[in-house]
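Take a look at the letters that make up each chain.
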Amino acid sequence: MRIRTGMRRTTAQMVGTGKKRAGMTSRRGLLHSSVKGKRSGAVSRLSAMDANSIRNAGLTRGSYEKLQKASTSLAEQMELLAEKAGTGGKDIAGTAEKVAEHFNDTMKQLRKASGVLNQYYCQSLKEISAGCRKELEEIGITVASDGSLTVNKTKLEEADAEKVREVLGESGNFAKRIAAVAGRVADNARINAENSYSHYNAAGSIANAYQSRYNFRG
């Protein structure tokens with residue numbers, strides 16, 4: 001009887017110990033799952049933040065690239081128009097239309113861009129066109145209230161050549177000021193686009209670093 005009683009006690013102790021160990025294992029499993037879940041959540045949040053950062057940097061870079069393209073085209077076409085107007089070249093009206101197109105696009109992109117300098121350039125272009133409204137409209141170029149330009153090709157083609165030279169030629173204030181401002185806008189946009197490109201790459205590198213860190217840790 002004593003032997004059987006001892007065996008029952010030993011068996012009961014072993015079962016109790018097993019249950020305790022099982023409980024510890026279970027708690028460890030829950031703790032591990034909790035830690036792993038928190039890490040997964042952290043990675044998800046970091047990934048979302050980095051994705052937003054990369055996307056915003058890409059959008060900013062794209063915006064400045066559009067501004068650079070528009071302002072560079074404006075400067076080039078304005079110089080060409082001034083040369084044609086000064087020498088009585090062909091298709092002055094067609095080139096004037098391109099100037100108006102790139103002028104309006106540059107104004108549009110400047111309004112979208114952030115920064116005091118871009119606002120200043122936008123206001124400068126508006127003031128230049130508004131300041132020459134009377135002279136421009138006499139040869140067929142209309143200036144809207146927002147500073148944008150519209151070309152009446154027929155009226156411009158029929159306008160007095162001397163008057164066209166005075167208004168659009170290289171010695172006129174309109175051509176010189178538009179070309180100067182457009183060149184500065186293009187330079188500023190190029191610098192901002194390059195900076196945005198650096199931020200874009202940096203954001204991507206940070207995202208990869210965080211991903212590698214948390215993947216390595218489990």
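For the structure, check the block above.
This section reports on the structure supplied with the text. A quick note: this is a predicted structure, and the numbers were derived from the prediction, not measured.

1. Topic: the overall build of the protein
When helices and strands are counted, the protein shows seven helices and two strands. Helices and strands in the protein line up, N terminus first, as α-α-α-α-β-β-α-α-α. Counting every position in the protein, which comprises 218 residues, the buried fraction comes to 33%. Per element, the accessible surface of the protein, about 13,900 Å² overall, is 52% carbon and sulfur.

2. Some points on the side chain of Thr95
Looking at where Thr95 falls in the secondary structure, it is placed in helix α2 (residues 92-112). Of the polar contacts made by the side chain of Thr95, one reaches the backbone oxygen of Asp91; its length is 3.2 Å. When residues no more than four places from it in sequence are discounted, the contact partners of Thr95 are Gln77, Leu80, Leu81 and Lys84.

3. Considering empty space enclosed by the protein
Left-over empty space is what a probe sized like a water molecule reveals as it rolls over the atoms. Applying the stated criterion across every chain, the model contains two cavities of 30 Å³ or more. What the largest cavity holds in volume is close to 40 Å³. No other element matches α2, which puts three residues into the lining of the largest cavity. When its residues are assigned to classes, the lining of the largest cavity shows eight nonpolar, no polar and no charged.

4. Description of the packing of α2 against helix α3 (residues 116-131)
Direction vectors running N to C along α2 and α3 enclose 145 degrees, while the axes themselves pass 9 Å from each other. Relative to α3, the crossing made by α2 is left-handed. Counted together, Phe103, Thr106, Met107, Leu110 and Arg111 of α2 and Asn118, Tyr121, Cys122, Leu125, Lys126 and Ser129 of α3 form the full contact between these two elements.

5. Side note on the layout of surface pockets
Considering only enclosed or pocket space, the largest pocket measures out at about 170 Å³ in volume. Lining of the largest pocket is provided by 13 residues; of these, Ile92, Leu156, Ala159, Ala161 and Val164 occupy positions nearest its centre. Every element with two or more residues in the lining of the largest pocket is listed here: α1 (2-87), α2, α5 (153-158) and α6 (161-168). Here the lining of the largest pocket gets four residues from one element, more than from any other, and that element is α6.

6. Digging into the nonpolar core
Of all hydrophobic cores here, the largest spans 42 residues; its most connected members are Met78, Leu136, Ile139, Val164, Leu168, Phe174 and Ile178. Elements supplying a minimum of two residues to this core: α1, α2, α3, β1 (141-143), β2 (149-151), α6 and α7 (173-217). When residues in this core are grouped by element, the largest group, nine residues, is from α7. When residues no more than four places from it in sequence are discounted, the contact partners of Ile178 are Leu74, Met78, Phe103, Leu125 and Ile128.

7. A closer look at α3
Taking 1.5 Å of rise per residue, the 16 residues of α3 would be expected to cover 22 Å, and the 22 Å separating its terminal C-alpha atoms lies within 8% of that figure. For α3, every residue scored as buried is listed here: Asn118, Tyr121, Cys122, Ser124, Leu125, Ile128 and Ser129. Taken end-on, α3 shows its buried residues confined to a sector of 160 degrees, consistent with a single buried face. Turned more than 90 degrees away from the buried face of α3, the exposed residues are Val116, Gln119, Tyr120 and Gly131.

8. Considerations on a negative patch on the surface
Taken together, the side chains of Glu76, Glu79, Glu83 and Glu170 define an acidic patch exposed on the protein surface. Mapped onto the elements, Glu170 comes out in the loop between α6 and α7. In this structure Glu170 comes out as exposed when scored by relative accessible area, which is 52%.

9. What about unusual backbone geometry?
Although it is not a glycine, Asp91 adopts a positive phi angle of roughly 55 degrees. Inspection of the secondary structure puts Asp91 in the loop between α1 and α2.

Rules used in this analysis
- Residues numbered from 1 in each chain as written.
- Predicted model: local features only at pLDDT ≥ 70, side-chain atom pairs only at ≥ 80, totals over all residues.
- Heavy atoms only, no water.
- Helix = DSSP H or I, 4+ residues; strand = E, 2+ residues; numbered from the N terminus.
- Buried < 20%, exposed > 50% of the residue type's maximum accessible area, 1.4 Å probe, protein only.
- Areas by Shrake-Rupley, 256 points an atom, 1.4 Å probe, with all protein chains shown as cover.
- Polar contact = N/O pair within 3.5 Å; in protein donor to acceptor, adjacent residues only side chain to side chain.
- Contact = heavy atoms within 4.5 Å.
- 1 Å grid on protein atoms, 1.4 Å probe; cavity = no way out; pocket = protein on both sides within 12 Å on 5 of 7 lines; lining within 4 Å.
- Points joined across faces, edges and corners; volume = space filled by probe spheres on them.
- Nonpolar A, V, L, I, M, F, W, Y, C, P; charged D, E, K, R; others polar.
- Axes fitted to C-alpha atoms, helices over the stretch in contact; angles between N-to-C directions.
- Left-handed = near helix turned anticlockwise from the far one by under 90°.
- Core = buried A, V, L, I, M, F, W, Y, C linked by side-chain atoms within 4.5 Å.
- Expected span 1.5 Å × (residues − 1).
- Arc of directions from axis to C-beta.
- Patch = residues over 30% accessible without salt bridge, like charges linked within 9 Å, V, L, I, M, F, W, Y side chains within 5 Å.
- Salt bridge = Lys/Arg side-chain N within 4 Å of Asp/Glu carboxyl O.
- Lys, Arg positive; Asp, Glu negative; His and termini not counted.
- Charge placed at Lys NZ, Arg CZ, Asp CG, Glu CD.

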